[in-house]
Structure formats: C-alpha cells, structure tokens
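Single-letter residue listing:
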Amino acid sequence: MINEAGTVNIADVMRENRRHVGSQIHEARIAAGLTLRQLEEQCGVTYANLCRIERGGLNVQLDTLARILHVLELEIDIVKGS
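Residues numbered from 1 in each chain as written. Predicted model: local features only at pLDDT ≥ 70, side-chain atom pairs only at ≥ 80, totals over all residues. Heavy atoms only, no water.

Peer 1: Now, about the nonpolar core: what can you tell me, with residues and values included?
Peer 2: Counting residues in hydrophobic clusters, the biggest one holds 18 residues, and the most contacted among them are Ile 25, Leu 39, Cys 43, Leu 50, Ile 68 and Leu 72. Of all the elements in the fold, those that place two or more residues in this core are α1 (10-31), α2 (36-43), α3 (47-55) and α4 (62-72). Broken down by element, this core gets its largest block of residues, five residues, from α4. Among all residues touching Cys 43, those that are not within four sequence positions of it are Leu 50, Arg 67, Ile 68 and Val 71. (Core = buried A, V, L, I, M, F, W, Y, C linked by side-chain atoms within 4.5 Å. Buried < 20%, exposed > 50% of the residue type's maximum accessible area, 1.4 Å probe, protein only. Helix = DSSP H or I, 4+ residues; strand = E, 2+ residues; numbered from the N terminus. Contact = heavy atoms within 4.5 Å.)

Right, here's the structure in full:
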C-alpha cells in the first residue's frame, strides 16, 4: 500500500479493509447456512447493500455492521492484520 513516493495511500488501505471485513462476513454467512435474503430479513440490511458489503464496495456504518455481526454471532478484525 506504499506508493512510489514512499507514502501510504489511505484510499487503498480503506478499500483493503472493506474487502477484509466483507470477506469475513461472507464466510460467516455461508458457514451459518444463510442466504443473502435470509440475512436481509434477520438484520434489516437490504440485499443490495449486503452484496456490496460482502464485496467490499460499501463503506458500512458501524451500527449497520453491528446488526450484521449480531445476527451472524461474529466478532471480526476491522483492520486487516490487527
């Protein structure tokens, strides 16, 4: 994530963190045997947003993240490598 000038590109770091969180949510949902539609019903987050979150394409708010994690009974590392 360090560019040619030797500095960190914060946009790249944030994108990687979103992908990391989304991947953990996706894996937990599959392990729980839930479809995206079932997770939508249980946590109140739309199907479209859940798709985007799992792909790392949505900067999810903490309260939304908390609802998803509660349904999945999941604790995650929000920052990759922590």
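Anyway, onward from the coordinates.
Peer 1: An account of the packing of α1 against α4 is requested, with residue identities and associated values reported.
Peer 2: Where α1 meets α4, the axes come as close as 10 Å, and the angle between the chain directions of the two elements is 30 degrees. In terms of axis orientation, α1 runs roughly parallel to α4. Judged by the twist between their axes, the crossing of α1 over α4 is left-handed. Seen from α1, the contacting residues are Val 21, Ile 25, Ala 28 and Arg 29; seen from α4, they are Leu 65, Ile 68, Leu 69 and Leu 72. For the contact of α1 with α4, the residue count by class is seven nonpolar, no polar and one charged. (Axes fitted to C-alpha atoms, helices over the stretch in contact; angles between N-to-C directions. Parallel < 35°, antiparallel > 145°, perpendicular 65-115°, else oblique. Left-handed = near helix turned anticlockwise from the far one by under 90°. Nonpolar A, V, L, I, M, F, W, Y, C, P; charged D, E, K, R; others polar.)

Peer 1: Explain the environment of Arg 67 to me, and be specific about the residues and the numbers.
Peer 2: Structurally, the position occupied by Arg 67 is in helix α4. Exposure remark for Arg 67: the relative accessible area of 36% places this residue in the partly exposed category. Sequence separation between Arg 67 and Cys 43 is 24 residues, and the spatial gap between their C-alpha atoms is 5.6 Å. Here the side chain of Arg 67 touches Cys 43 through a polar contact of 2.9 Å, landing on its backbone oxygen. (Polar contact = N/O pair within 3.5 Å; in protein donor to acceptor, adjacent residues only side chain to side chain.)

Peer 1: Describe α4, with residues and values.
Peer 2: Since the α-helix turns once every 3.6 residues, residues separated by three or four places project in the same direction. Turning to α4, its buried residues number three or more, namely Thr 64, Leu 65, Ile 68, Leu 69, Val 71 and Leu 72. What you see down the axis of α4 is that its buried residues fit within an arc of 160 degrees, all on one side. Exposed and facing more than 90 degrees away from the buried side of α4 are Leu 62 and His 70. Contacts made by the buried residues of α4 are with α1, α2 and α3. Once α4 ends, the next one or two residues include Glu 73, with phi positive near 50 degrees. (Arc of directions from axis to C-beta.)

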